[in-house]
Amino acid sequence: MSDPSQLLVEQQAEPERSGLVACWQQKTPARQLVNLRGLPVLVLITESSYHAQYDHCLSGWLRQAGVANDMVRLEDVGIRGNGHMVMLEKNNLEVADWIHGWVQKNVH
């Protein structure tokens, strides 16, 4: 792409579920991020972050651009209450341990 105007986007008609924003996505055919294909990608969302309502959009954008990724909400794996600065919170070692496990499983 040589000019940002070549990136055509549209917003979802409805959010995927209550409490989330409607995502912006590429119009089809979506441009592909070929340099990221095949790399392990984790989109980690914390329950109380100000990003919690829209970080799922990043995961969807990546998928649409041909980049497989794991989108994980920490509350869905039993780690509750974290905000955006998870590395500074009291349970940061628990979160780091979960991330370490994901890396061990997915990074070869």
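In every chain, residue numbers begin from 1 and rise along the written sequence. Only residues with pLDDT of at least 70 get local features here, since the model is predicted, and only at 80 or more are side-chain atom pairs given and counted; chain-wide, interface and lining totals rely on the full set of residues. Values shown for side chains rest on all heavy atoms present in the structure; no hydrogens or waters enter the calculation.

When two cysteine sulfur atoms lie within 2.5 Å, the pair is treated as a disulfide. All told, the structure shown has one disulfide when counted by the stated rule. With its sulfur 2.0 Å from that of its partner, C23 forms a disulfide with C57. Taking the sign of the S-S torsion, -80° for the link of C23 and C57, the bridge is left-handed. Of the two residues, C23 is situated in the loop between strand 1 (9-11) and strand 2 (24-26) and C57 in helix 1 (residues 55-64); the sequence distance between them amounts to 34 residues. C57 shares its class with C23; the two are buried. Numbering of helices and strands starts at the N terminus; helices are DSSP runs of H or I of at least 4 residues and strands are runs of E of at least 2. Whether a residue is buried, partly exposed or exposed follows from its accessible area with a 1.4 Å probe, protein chains only, as a fraction of its type maximum: under 20%, in between, or over 50%, in that order.

The next point concerns the side chain of S49. Along the chain, S49 turns up in the loop between strand 3 (42-45) and helix 1. Under the rule applied, a polar contact is a pair of N or O atoms within 3.5 Å (in protein, one hydrogen donor and one hydrogen acceptor; residues adjacent in sequence only if both atoms are side-chain atoms). In terms of polar contacts, S49 uses its side chain to reach the side chain of H84, at 3.3 Å. Note on contacts: a residue pair qualifies if any of its non-hydrogen atoms lie within 4.5 Å across the two residues. Leaving out residues up to four positions away in the same chain, S49 has contacts with N82, G83 and H84.

Bridge count between strand 3 and strand 4 (residues 70-73): four bridges; the pairing is parallel. Across the sheet, the residue bridging to L42 is D70, located in strand 4. For two strands to pair, DSSP has to find at least two bridges joining them.

This part takes up a nonpolar patch on the surface. Patches here: salt-bridge-free residues with over 30% relative accessible area, like charges joined within 9 Å, nonpolar side chains (Val, Leu, Ile, Met, Phe, Trp, Tyr) joined within 5 Å. Per-residue accessibility takes into account occlusion by the displayed protein chains alone, with areas from the Shrake-Rupley method and a 1.4 Å probe. Only one rule defines a salt bridge in this text: a Lys or Arg side-chain nitrogen within 4 Å of an Asp or Glu carboxyl oxygen. Judged by side-chain polarity, M1, L7, V9 and W24 come together as a nonpolar surface patch covering roughly 390 Å² of accessible area. Looking at where W24 falls in the secondary structure, it is placed in strand 2.

This part takes up the nonpolar core. It is characteristic of soluble globular proteins that their nonpolar side chains tend to be buried jointly. Nonpolar core, defined: a set of buried Ala, Val, Leu, Ile, Met, Phe, Trp, Tyr and Cys residues in which side-chain atoms within 4.5 Å join the residues together. Membership of the largest hydrophobic core is limited to five residues, which are V43, I45, A52, L62 and V67. Once residues within four sequence positions are removed from consideration, I45 is found in contact with A52, D55, H56, M71, V72, R73, L74 and E75.

Put simply, T28 and P29 share a cis peptide bond, and its omega is 0°. Take P29: it is sitting in the loop between strand 2 and strand 3.

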